[in-house]
Amino acid sequence: MLRLYLEHDHILVSRRWRGAAGEIDLVMEKDGEVIFVEVKKSRSLARAAESLSHRQIARLLKSAEHCLGGFPKGSLTPMRFDVALVDGHGKVEILTNALAA
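Computed from a predicted model, the values in this text were never measured in an experiment.

## Concerning unusual backbone geometry
- Backbone geometry at D9 places phi at a positive 65°, although glycine is not the residue there.
- You can call D9 exposed: its relative accessible area is 60%.
- A positive phi angle, near 55°, is found at N97, a position not held by glycine.
- Relative to the assigned elements, N97 resides in the segment after β5 (92-95).

## Topic: the nonpolar core
- Core analysis: the biggest nonpolar cluster contains 11 residues, these being W17, I24, V27, V34, F36, L60, A64, C67, L68, F71 and F81.
- Looking at this core, the elements that each hand over two or more residues are β2 (22-30), β3 (33-41) and α3 (54-68).
- Non-local contacts of L68, meaning those with residues more than four positions away in its chain, are made with F36, G74, S75, T77 and M79.
- With nine residues, the next largest nonpolar core counts Y5, L26, V39 and A84 among its residues.

## Section: the side chain of R80
- Here R80 shows up in strand β4 (residues 79-86).
- Since its relative accessible area comes to 15%, R80 is described here as buried.
- At 3.2 Å, the side chain of R80 and the side chain of E33 are in polar contact.
- Apart from residues lying up to four places away in sequence, R80 is in contact with Y5, H10, E33, V34, I35, F36, T96 and N97.

## As for the side chain of K40
- In this fold, K40 is placed in strand β3.
- No salt bridge forms around the buried K40; measuring N to O, its nearest opposite-charge neighbour E38 is 4.2 Å away.
- Once residues within four sequence positions are removed from consideration, K40 is found in contact with A48, S51, L52, Q56, V83, A84, L85 and V86.

## A few points about the sheet that holds β3
- The five strands lie next to each other as β1-β2-β3-β4-β5, forming an open sheet whose pairing is mixed. The two strands at the open ends of the sheet, each matched to only one other strand, are β1 (11-19) and β5. With direction set aside, neighbouring strand axes in the sheet form an average angle of 30°.
- Examined bridge by bridge, β3 and β4 share eight bridges and lie parallel to one another.

## Points about the packing of aromatic side chains
- Evaluated as defined, the whole model comprises one aromatic pair.
- Between F36 and F81 the ring centres are 5.3 Å apart and the planes differ by 25°, which places this aromatic pair in the stacked class. Here F81 lies in strand β4 and F36 lies in strand β3, a separation of 45 residues in the sequence.
- A residue is classified by how much of its surface remains accessible, and F36, at 0% relative accessible area, is buried.
- The class of F81 is buried, set by a relative accessible area of 10%.

What counts, and at which threshold
- Residues numbered from 1 in each chain as written.
- Predicted model: local features only at pLDDT ≥ 70, side-chain atom pairs only at ≥ 80, totals over all residues.
- Heavy atoms only, no water.
- Buried < 20%, exposed > 50% of the residue type's maximum accessible area, 1.4 Å probe, protein only.
- Helix = DSSP H or I, 4+ residues; strand = E, 2+ residues; numbered from the N terminus.
- Core = buried A, V, L, I, M, F, W, Y, C linked by side-chain atoms within 4.5 Å.
- Contact = heavy atoms within 4.5 Å.
- Polar contact = N/O pair within 3.5 Å; in protein donor to acceptor, adjacent residues only side chain to side chain.
- Lys, Arg positive; Asp, Glu negative; His and termini not counted.
- Salt bridge = Lys/Arg side-chain N within 4 Å of Asp/Glu carboxyl O.
- Pairing = 2+ DSSP bridges.
- Axes fitted to C-alpha atoms, helices over the stretch in contact; angles between N-to-C directions.
- Phe/Tyr/Trp six-rings, centres within 6.5 Å; stacked < 30°, edge-to-face > 60°.

Set out below in structure tokens:
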């Protein structure tokens, strides 16, 4: 899925970014917006989507907060959270802005 982001003019900031709260699979940037990507793999896309727990979402949010501390605008940096689903055959579906209210 990294390739999909790169093909759409995203810049890789970090792969497997690690902080005190946990890991973020991919941190991408495009046009000043930071995109935090959580990758979920399973036998099917539906199972991959179901495997994202509330606890993992909370960890992702906390990790992103720490990660943003390294950007010039900090928590004021435009951002979104994508979830990349991967099935057992390698099919990828990206849920853009998946954690939007």
